[in-house]
Structures are given as C-alpha cells and as structure tokens.
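# Report on the structure
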Amino acid sequence: MLHSESYRVSFSHIILDEVHERALDLDLLMLFLRNFVDKRHGLGLHAPKIIVMSAAPDVGLFASYFRNVVNDGGRLPAPHLHIPSRAFPVGKHYLDEIIESLSRFYPPRALSLLIDEPQTVKYFRRYNLLSVTDRPSSDEPEVDRNQRSLDPILSQLAPFTFREENPLIPVGLICAVICYVLSSTEKGSILVFLPGLRHIMAVESAIRKYGKMLGSDFSDGNRYKILQLHSNLPDGQKELFSPVSRDCRQVILSTDVAETSITISDVKFVIDPGKVNKEFMSHSQEQPGLHAVGSVSPALLSVQAEQAESKQIPRDDAGGLQQTSLQVKRAVSSASIQDTLRDSIEPPDEAKVNLAISNLQLLKALDGKEGLTPLGVLLSELPLDPRRAKLVLLGVIFRYLDPLLIIGAIGGDHSLFYSSAEQSTRKDVHRARVEFSRNTWSDHLSAANAFKSTRKALHQGGRAAAFEFAVSNHIHFDRFYEVLQTARQMLELLARKGIIPCHEHPDGDFQFGGARLNTNSWRTPLIKALLFHVMYSNLAAPSSASRRRYFTEINETTHMSPSSVNYTERPRSLFISNSKNKPSSGGTHFLKQTSHITPLAACLMGGRLQGNGRRICMDSWLDFLVHTNEGVGGDRAARLLIELRKTLQIAFDAAFHSLGCLGNNKSTKDPNSIGSH
C-alpha cells in the first residue's frame with residue numbers, strides 16, 4: 001500500500017479499525033494516508049475516503065487530525081457518527097456485601113485457613129475491614145488461632161509473590177469468593193481477573209487445596225475445570241474452546257491486558273480485585289476494590305502478549321524514538337525523519353527526535369545524510385530497540401550470543417528482580433542482586449545470571465521448580481517468562497534471516513544458540529566491553545570532588561542508584577548505565593542499571609579519540625593518561641592505541657555491513673552457516 005499509488009486509488013474507502021490502540025504502525029499509516037489524501041485533493045484528483053473506527057476513540061483528536069477541506073479553502077474537523085451498543089444487565093456486589101455473604105454462608109472454622117492467609121489479613125488491615133472470622137456468627141465454637149496451620153503454599157508465597165509495585169492481592173479471600181459463587185449458584189463460568197502469572201498460580205493452588213472444604217471439589221473434572229489465561233501460557237486459550245459437558249463449570253483465571261478479543265459465551269460471574277483496571281470500583285473512597293459481578297453474558301475477554309505491547313509514536317522514550325525513526329525512514333525514505341514526525345497525530349519533541357537521529361548515526365544505523373545503512377535496515381526489522389538489537393548482533397559476531405541476548409531481551413530499566421517499599425525486603429532483594437553479580441560489578445550480568453539460573457531450573461524441573469526458584473531468589477517470574485519469549489522470538493527471526501543456524505543445538509547449560517554461538521560467553525570483561533560499545537553515550541566518570549559522585553558528558557553530577565549492585569562497593573572507575581533517573585522531588589540524577597568499564601575498554605570500544613602526547617581525549621570531554629610498564633614510551637603507546645581503535649572500527653563496520661546485507665537478503669547458500677565474518 002505504501003509504494004503503489006495505483007493500488008491505493010483503486011479503493012473507494014479505506015477503513016482503519018481499533019485506532020484507540022495507537023500502535024506505531026497504525027500511527028504511521030494514518031500519517032501516510034492523510035498526506036496522500038491531501039495531496040490528491042490538492043491536485044483535483046480522486047482520493048479514497050478514510051473511515052476511522054474505534055470502540056473508545058478520542059473523537060476530538062482524530063476528527064481534528066483528519067480535517068476536510070471545504071469550499072472556501074478552510075478546514076473543518078471530520079464528521080463523526082456514534083453508534084450505541086447494547087448494554088447487558090449486570091449486578092454488582094461490593095466487598096462489604098461479599099464479606100457479609102461469606103459470614104452467613106460458611107462457618108468460621110471452614111473459612112479460617114483462607115481468611116487468615118497473610119495477604120488477606122494485610123488486605124483487611126489496610127482497608128480497616130472486619131475479618132469474616134471476627135464477625136458475630138452462629139453456634140460455631142471459637143477456634144484457637146495458635147492451633148491453625150496455614151497452607152504452606154500460601155504462607156511461603158505470600159512474603160515474596162506480591163511485591164512488585166505492591167499489588168496487594170487477597171488470595172485467600174478470592175478463593176473463598178470463587179467457592180461461594182460455585183456453591184450458591186447452579187450455572188455459568190467464573191472469570192477472575194488477576195495482575196500476573198504468579199497470582200494466577202497462587203489462586204489455583206489454594207482453590208484446589210481448599211475447594212472441597214468449601215463445597216467445591218476441584219479434583220472432580222466432570223464438575224469443575226480451572227483455566228489459566230496468560231500470554232506465557234498459550235495452551236490456556238486452546239483449552240478455553242475445548243468442549244465441556246453442560247454440567248461442568250469453568251473457573252477462568254486471567255490477566256486483564258487487552259489486545260486479542262475472545263468471546264466467552266457462558267461467563268456469568270466476574271471477580272475483580274481492582275488491581276488490574278487501575279481504578280477501585282467501590283461504593284466510596286474508603287472501600288477497597290474487590291467486587292463480584294453477576295449475570296454477565298456474553299462476556300468479552302481481552303488477552304494481550306505483555307512482552308510485545310504495541311505503542312504509539314513515543315514522545316519521551318529514547319529507545320522507542322530511535323526505533324520509530326528507523327521505521328519512518330523505511331516507509332518514507334525521501335523525506336527527513338523530523339519533517340515526517342512533525343506531521344504525526346501527536347508529534348514528539350523535536351529536540352528528542354534530533355537526539356534519536358544522532359544516536360542512530362553513532363550506532364551506524366543511519367549515515368550522515370539520514371540514509372538507512374544495511375545495518376539500519378536489519379535493526380528496523382528486529383523486535384528490540386536499535387541499541388539492544390545491535391547488542392544481540394554483537395553476540396552473534398563475537399560468539400557471546402546467550403548473555404548478550406538475555407541482556408538485550410531484558411532491556412531498558414525493567415528489572416528482573418522485585419521492587420518493594422519495605423526496607424527489610426529491599427535489603428534482601430539487593431543481597432540477591434549482589435550474589436548473582438558474582439563480583440562483576442555489573443547489574444546487567446547480575447540479571448543475566450539470575451535469568452540463566454531460573455532457566456536451568458525450568459529445563460531441569462519444569463515450571464513449578466522454576467517458579468519456586470524465582471520466588472526464593474526475589475526474581476520476578478512474569479518478567480522471566482517475558483524475557484524468555486522475547487529471546488526465543490529473536491532467535492527465530494535471526495534464523496529466518498540466515499544470520500544464525502536454523503536449528504539450535506542446545507548444550508548442557510541450555511544456552512541460546514548452543515555451544516557454537518557461545519564459545520566466548522565466559523569472558524566477562526569482553527561482555528562488558530561490548531555492552532559499552534552500544535551504550536557509550538551513557539558513560540559516567542568518577543568525580544574528583546567526591547568518591548560518591550560521577551559526571552557525564554554534559555557535566556551532570558550523578559550518583560549510583562541505591563538499587564544497583566555497585567551502590568555499596570565498587571571500584572573508582574568508569575560506569576555505563578541504561579539511563580539517568582531524577583526523583584520527582586528534584587535533586588541529583590541517579591545512574592540506573594550500571595556496569596563497570598575499564599579505561600582500556602572505553603578507549604577501544606567507545607567514541608572518537610584524539611591524542612596529545614601521553615594524553616588521550618574521548619569525544620572532547622573525557623581524558624585518559626597512558627602509562628607503560630617501563631615508565632617511558634607513553635607517547636608511542638597512545639598513538640598505537642588510537643590506531644588500534646581505528647582498525648577495530650573498520651572491522652566493526654565491515655562485520656555489520658556484511659551482517660546487514662546477509663539479513664536483508666533473507667537467505668544464504670548454507671542454511672547452517674553463521675552470518676559473521
């Protein structure tokens with residue numbers, strides 16, 4: 001469509017659906033079609049009509065973007081049509097009603113193990129609610145709390161499983177509500193919204209253990225069926241459409257991130273803890289958000305692959321703007337990136353676009369005239385931002401594929417470890433980070449080692465073993481699975497392009513790419529040097545004013561982030577970081593996700609070098625003084641170092657040019673060859 005005008009004008013109407021999703025491709029398509037229609041109208045030629053559709057659009061935004069030319073030459077917002085949809089009757093039951101119903105329906109003894117589950121107790125305490133077992137009840141005698149034995153699964157998971165962003169999910173209460181709905185009604189499936197995979201697994205474990213005690217025996221497959229819907233569990237969607245008997249009731253445990261719409265015809269009840277939709281649905285501000293909904297038929301369930309979330313044209317994210325710039329250049333090669341993005345529906349800041357273009361030129365993805373290089377074409381086709389995608393290609397060239405693919409798939413400031421507002425928990429998490437770093441002074445290698453250990457547990461013991469390992473080591477299990485899928489997608493794409501062998505030969509360590517593509521993966525200093533090669537614009541040097549301070553190219557004073565493995569103990573040397581973060585309260589910047597870099601690696605893998613005797617300056621801001629073992633000949637050593645840097649750059653350029661051409665040709669004579677030279 002982009003390259004054939006005769007094809008475009010053959011249509012009378014072009015319909016763009018689900019425009020509220022604002023995917024990058026859709027934003028670019030809207031920009032292209034709007035300019036195409038305006039150009040055709042300006043020439044007095046026929047142009048197809050553009051119809052924009054959405055269930056929840058920003059009418060003003062889209063109407064003003066697709067303005068129509070009127071007779072006097074002016075422009076008016078595009079007309080819009082609202083089509084009302086049918087509303088199904090829904091009865092809502094909020095937490096206060098649910099607690100009352102549970103206390104009437106079940107005796108305290110039956111509920112005690114679930115309601116006294118730690119997360120549920122904390123949930124009641126946070127919202128100042130009276131526990132079900134504390135309410136006046138029937139003739140049931142009081143049970144000694146000291147004699148209650150909590151479920152070991154719940155008690156072990158609770159301290160670790162629910163830390164990220166403090167999503168307090170009352171697992172015990174949710175299980176009690178599920179069993180209450182099944183026991184008090186006769187028909188209909190139950191849909192339960194939960195934030196992530198760890199919550200899904202915890203809820204399933206609890207209801208399987210305690211369901212029979214509450215009147216729902218989940219070991220009876222003819223009466224009950226539990227389904228897990230999550231992007232990391234593709235079999236869940238297949239099971240959803242498998243036939244079940246009329247008397248079988250399904251409990252669907254699902255995340256609530258919408259991308260692919262799935263209609264479930266027999267869902268009658270929805271249980272929502274209010275931690276997914278970002279808004280509490282309650283009677284008042286004092287009431288928390290757990291609520292149950294009855295009589296929802298048909299139900300529309302939305303499921304999304306979390307690790308591949310589509311985004312509109314980014315306005316702040318540096319990596320996203322770089323990827324967008326490459327996509328724009330591929331689509332409209334004749335126009336400048338800045339001019340093209342200026343006409344988009346929500347244009348990004350021009351200074352940030354210029355910075356993205358400059359960084360792409362440093363990566364050799366764009367030439368000096370903003371033309372796409374063969375490497376740039378290849379990077380634009382990979383599902384990572386250009387910097388991380390180039391890091392993966394370095395892994396192919398230098399036979400470090402496994403660690404660099406893992407680091408690239410983790411990406412950005414997304415941590416593989418949990419975050420917590422509790423000081424004691426933060427200390428435990430930091431201790432785990434340091435242990436996984438293995439004295440490398442690198443957050444990147446700490447995360448890579450944690451991932452590899454979890455992956456090993458997955459291959460050797462299955463998902464349950466991997467989950468247990470992740471929880472006990474403060475690793476975010478959902479993030480682990482997202483990284484695993486992203487890495488596998490990258491491997492498949494590289495294989496289709498002929499850059500790596502089509503068939504992976506796994507080794508005993510389960511490395512991505514097998515032994516052949518990881519012959520150097522044990523060389524930690526070189527891994528950090530290659531990291532620096534794609535991240536050297538984020539270099540920080542130690543300040544002479546204070547041991548705790550660092551300075552950057554633009555003379556910003558920065559400190560090490562408290563979450564970094566390098567916060568407490570580190571050499572007084574150079575560090576690269578994924579980004580600099582400034583607290584909302586103001587003050588200094590903090591370096592996030594850091595790795596130690598030696599001065600030699602910085603000179604060989606970094607920016608442009610200039611020499612003056614024994615002194616070498618990189619990118620006109622960072623000075624190095626060359627020393628030799630003999631104490632003399634520093635001038636000559638500095639000149640040799642600069643020449644070696646130039647030679648390495650020539651070799652890099654040739655390797656990436658060859659790799660880019662190989663990937664763009666999408667085929668090789670030998671399908672099992674490795675595309676590096």
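Conventions used here
Residues numbered from 1 in each chain as written. Predicted model: local features only at pLDDT ≥ 70, side-chain atom pairs only at ≥ 80, totals over all residues. Heavy atoms only, no water. Helix = DSSP H or I, 4+ residues; strand = E, 2+ residues; numbered from the N terminus. Buried < 20%, exposed > 50% of the residue type's maximum accessible area, 1.4 Å probe, protein only. Contact = heavy atoms within 4.5 Å. Areas by Shrake-Rupley, 256 points an atom, 1.4 Å probe, with all protein chains shown as cover. Expected span 1.5 Å × (residues − 1). Polar contact = N/O pair within 3.5 Å; in protein donor to acceptor, adjacent residues only side chain to side chain. Axes fitted to C-alpha atoms, helices over the stretch in contact; angles between N-to-C directions. Parallel < 35°, antiparallel > 145°, perpendicular 65-115°, else oblique. Left-handed = near helix turned anticlockwise from the far one by under 90°. Nonpolar A, V, L, I, M, F, W, Y, C, P; charged D, E, K, R; others polar. Pairing = 2+ DSSP bridges. Arc of directions from axis to C-beta. Core = buried A, V, L, I, M, F, W, Y, C linked by side-chain atoms within 4.5 Å. Salt bridge = Lys/Arg side-chain N within 4 Å of Asp/Glu carboxyl O. pLDDT = per-residue confidence, 0-100. Phe/Tyr/Trp six-rings, centres within 6.5 Å; stacked < 30°, edge-to-face > 60°.

So, about the overall build of the chain. Broken down by element type, the chain carries 22 helices and 20 strands. Going through the 677 residues of the chain one by one, you find that 51% of them count as buried. The contacts of the chain with a sequence gap of at least 6 include a subset with a gap of at least 24, amounting to 70%. For the chain, the exposed surface amounts to about 32,900 Å²; the carbon and sulfur share of it is 51%.

With that settled, consider helix H15 (residues 386–398). For an α-helix, the turn length of 3.6 residues means that residues three or four places apart are oriented alike. Between its terminal C-alpha atoms H15 stretches 18 Å, which fits the 18 Å expected from 13 residues at 1.5 Å a residue. The element H15 is largely enclosed, with a buried count of 11 among its 13 residues. When H15 is considered as a whole, its buried residues turn out to be Pro386, Arg388, Ala389, Lys390, Leu391, Val392, Leu393, Leu394, Gly395, Val396 and Ile397. For H15, the capping residue at the N-terminal end is aspartate 385, with a side-chain oxygen 3.1 Å from the backbone nitrogen of arginine 387. Downstream of H15 by one or two residues, arginine 399 has phi in the positive range, about 65 degrees.

Interhelical geometry of helix H4 (residues 95–105) versus helix H8 (residues 171–184) gives an angle of 65 degrees and a closest axis separation of 11 Å. Taken together, the axes of H4 and H8 are roughly perpendicular relative to one another. Considering only the axes of H4 and H8, their crossing is left-handed. Between H4 and H8, the residues in contact are Leu95, Ile98, Ser101, Leu102 and Phe105 and Leu173, Ala176, Val177, Tyr180, Ser183 and Ser184, respectively. Residues belonging to the contact of H4 with H8 are distributed by class as follows: 8 nonpolar, 3 polar and no charged.

Before going further, it helps to spend a moment on unusual backbone geometry. For residues other than glycine, phi is negative in most cases, and the peptide bonds are mostly trans. The phi dihedral of asparagine 439 is positive, around 60 degrees, even though this residue is not glycine. As for its position among the elements, asparagine 439 is in the loop between helix H17 (423–437) and helix H18 (443–472). The backbone phi angle of glutamine 593 is positive, close to 55 degrees, even though this residue is not glycine.

On to the side chain of asparagine 473, then. Inspection of the secondary structure puts asparagine 473 in the loop between H18 and helix H19 (477–496). At 2.8 Å, the side chain of asparagine 473 forms a polar contact with the backbone oxygen of phenylalanine 469.

In terms of residue burial, strand E7 (residues 224–229) counts as a mostly covered element, since 6 of its 6 residues are buried. Residues Tyr224, Ile226 and Gln228 point to one face of E7 and Lys225, Leu227 and Leu229 to the other, with burial holding for every one of them. Pairing of E7 with strand E8 (residues 249–254) involves 6 bridges; the strand directions are parallel. In the strand pairing of E8, isoleucine 226 is matched with valine 251.

Strand order in the closed barrel made by the 5 strands is E13-E14-E15-E17-E16, with mixed pairing throughout. Each adjacent strand pair in this sheet contributes to an overall mean axis angle of 50 degrees, direction not counted. The pairing of strand E14 (residues 549–551) with strand E15 (residues 557–560) spans 3 bridges and is antiparallel. By the bridge assignment, arginine 549 is partnered in E15 with histidine 559.

Sheet architecture is open: 3 strands sit in the order E18-E19-E20, paired in antiparallel fashion. Two strands bound the open sheet, and with one partner strand each, they are strand E18 (609–612) and strand E20 (622–625). For this sheet, the mean angle separating the axes of adjacent strands, direction not counted, is 25 degrees. Two strands pair when backbone bridges link them, and strand E19 (residues 615–618) and E20 are joined in this way by 4 bridges, in the antiparallel orientation. Bridging from a neighbouring strand, cysteine 617 pairs with aspartate 623 of E20.

Those residues of helix H6 (residues 118–126) that fall on the buried side of the exposure criterion are Gln119, Thr120, Tyr123 and Phe124. An end-on view of H6 places all buried positions within 140 degrees of arc, on one side of the element. A distance of 2.8 Å separates the backbone nitrogen of glutamine 119 from a side-chain oxygen at the start of H6, and that oxygen is part of glutamate 117.

Core analysis: the largest hydrophobic core is formed by 100 residues, its most contacted members being Leu393, Leu416, Phe477, Leu494 and Phe532. Filtering out sequence-adjacent residues up to four positions away, leucine 494 remains in contact with Leu382, Val392, Leu393, Val396, Ile499 and Ile500. Residues Ile115, Val171, Val192 and Ile271 belong to the second largest nonpolar core, which totals 41 residues.

When you line up the elements, glycine 514 lands in the loop between H19 and helix H20 (524–535). Judged by its relative accessible area of 0%, glycine 514 is buried. Each C-alpha atom of the pair glycine 514 and aspartate 402 lies 8.2 Å from the other, and the pair is 112 residues apart in sequence.

Under the definition given, this model contains 11 salt bridges. Notably, a salt bridge pairs glutamate 381 with lysine 497, separated by 2.3 Å at the nearest N-O pair. Remark: lysine 497 occurs in the loop between H19 and H20 and glutamate 381 occurs in the loop between helix H14 (374–380) and H15; sequence separation between them is 116 residues. Overall, lysine 497 belongs to the buried group, its relative accessible area being 5%.

In the predicted model, the chain carries a mean pLDDT of 80, and 80% of its residues have values of at least 70. This model gives residues 276–289 a pLDDT under 50, and the stretch forms 34 contacts once residues within four places in sequence are excluded. Low confidence marks residues 295–310, where pLDDT is under 50. Its contacts with residues over four positions away, or in another chain, come to 63 contacts.

A word on the packing of aromatic side chains. On inspection of all chains with the given rule, the structure shows 17 aromatic pairs. Ring centres of phenylalanine 218 and tyrosine 224 lie 5.1 Å apart, and the angle between their planes is 45 degrees; on these two criteria the pair is classed as tilted. For tyrosine 224, a relative accessible area of 5% gives the class buried. Consider the rings of phenylalanine 477 and phenylalanine 480, whose centres lie 5.9 Å apart with planes at 25 degrees: the pair is stacked.

Moving on, we get to the packing of H15 against helix H16 (residues 401–410). One can describe the packing of H15 onto H16 by two numbers: an axis separation of 8 Å at closest approach and a directional angle of 170 degrees. Here H16 runs roughly antiparallel to H15, going by the angle between their axes. Every residue of H16 that contacts H15 at Arg388, Leu391, Val392, Leu394, Gly395 and Val396 is listed here: Leu401, Leu404, Leu405, Ile407, Gly408, Ala409 and Ile410. Taken together, the residues that form the contact of H15 with H16 break down as 10 nonpolar, 2 polar and 1 charged.

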